[in-house]
Amino acid sequence: MDLLVGVDAKYVAIVFVVVAFIFVFLGMFKMIFLAKKMSKGAFIFLAFFPLISLFPIPGEEVKKLEKIKQVQIKKEDESGDPADDDSKAC
C-alpha cells in the first residue's frame, strides 16, 4: 500500500511553510544571539538587516494607498470641518 495516496498537496504545502518559518525564525534568533554576544555578530546583523529593502513595494499596494488617501480627502471635504494643521503636515 502506498503511503502517499492519502496525502493531499495542501497538507504538503502547509508542512513546507511551517518548516520554512521555523528555519527563518531559528536563523533570526541565532543572528540576534550572535549580535548580542560579540561585536562581530552585531556588524553581521546590521549588514543583513538592510536586505529587507531589496523587496520593493508592489505597484498595486501603492495604488491602494493613493485611493485610500483620495477617499479620506473627499470625506474631509464633505464633512465641512476645517482641516487641522497637524493633518496637513503629514
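What you see is a predicted model; the values in this text were computed from it and never measured. (Residues numbered from 1 in each chain as written. Predicted model: local features only at pLDDT ≥ 70, side-chain atom pairs only at ≥ 80, totals over all residues. Heavy atoms only, no water.)

### Quick look at the overall build of the protein chain
Inference 1: Along its length, the protein chain carries four helices and zero strands.
Inference 2: Written out in order from the N terminus, the α and β elements of the protein chain read α-α-α-α.
Inference 3: Put simply, the protein chain has 90 residues, and 2% of those count as buried.
Inference 4: For the protein chain, the accessible area works out to roughly 9100 Å², and carbon and sulfur atoms hold 70% of it. (Helix = DSSP H or I, 4+ residues; strand = E, 2+ residues; numbered from the N terminus. Buried < 20%, exposed > 50% of the residue type's maximum accessible area, 1.4 Å probe, protein only. Areas by Shrake-Rupley, 256 points an atom, 1.4 Å probe, with all protein chains shown as cover.)

### Quick notes on the pattern of salt bridges
Inference 1: On inspection of all chains with the given rule, the structure shows one salt bridge.
Inference 2: The salt bridge involving E61 is made with K64; its shortest N-O contact spans 3.6 Å. One end of the pair, E61, and the other, K64, are both in helix α3 (residues 59-79), three residues apart, so they sit about a helical turn from each other.
Inference 3: Exposure remark for E61: the relative accessible area of 36% places this residue in the partly exposed category.
Inference 4: Given the relative accessible area of 47%, K64 is considered partly exposed. (Salt bridge = Lys/Arg side-chain N within 4 Å of Asp/Glu carboxyl O.)

### Brief notes about the packing of aromatic side chains
Inference 1: Per the counting criterion, the structure on display carries zero aromatic pairs.
Inference 2: If you follow K10 out to its NZ or CZ, it ends over the ring of Y11, 5.4 Å from the centre. (Phe/Tyr/Trp six-rings, centres within 6.5 Å; stacked < 30°, edge-to-face > 60°. Lys NZ or Arg CZ within 6 Å of the ring centre and 35° of its normal.)

### Structural notes on the confidence of the model for the protein chain
Inference 1: For the protein chain, the mean per-residue pLDDT works out to 77, and 79% of the residues sit at or above 70.
Inference 2: Mean pLDDT values over the elements of the protein chain span from 54, in helix α4 (residues 85-89), up to 86, in helix α1 (residues 9-37). (pLDDT = per-residue confidence, 0-100.)

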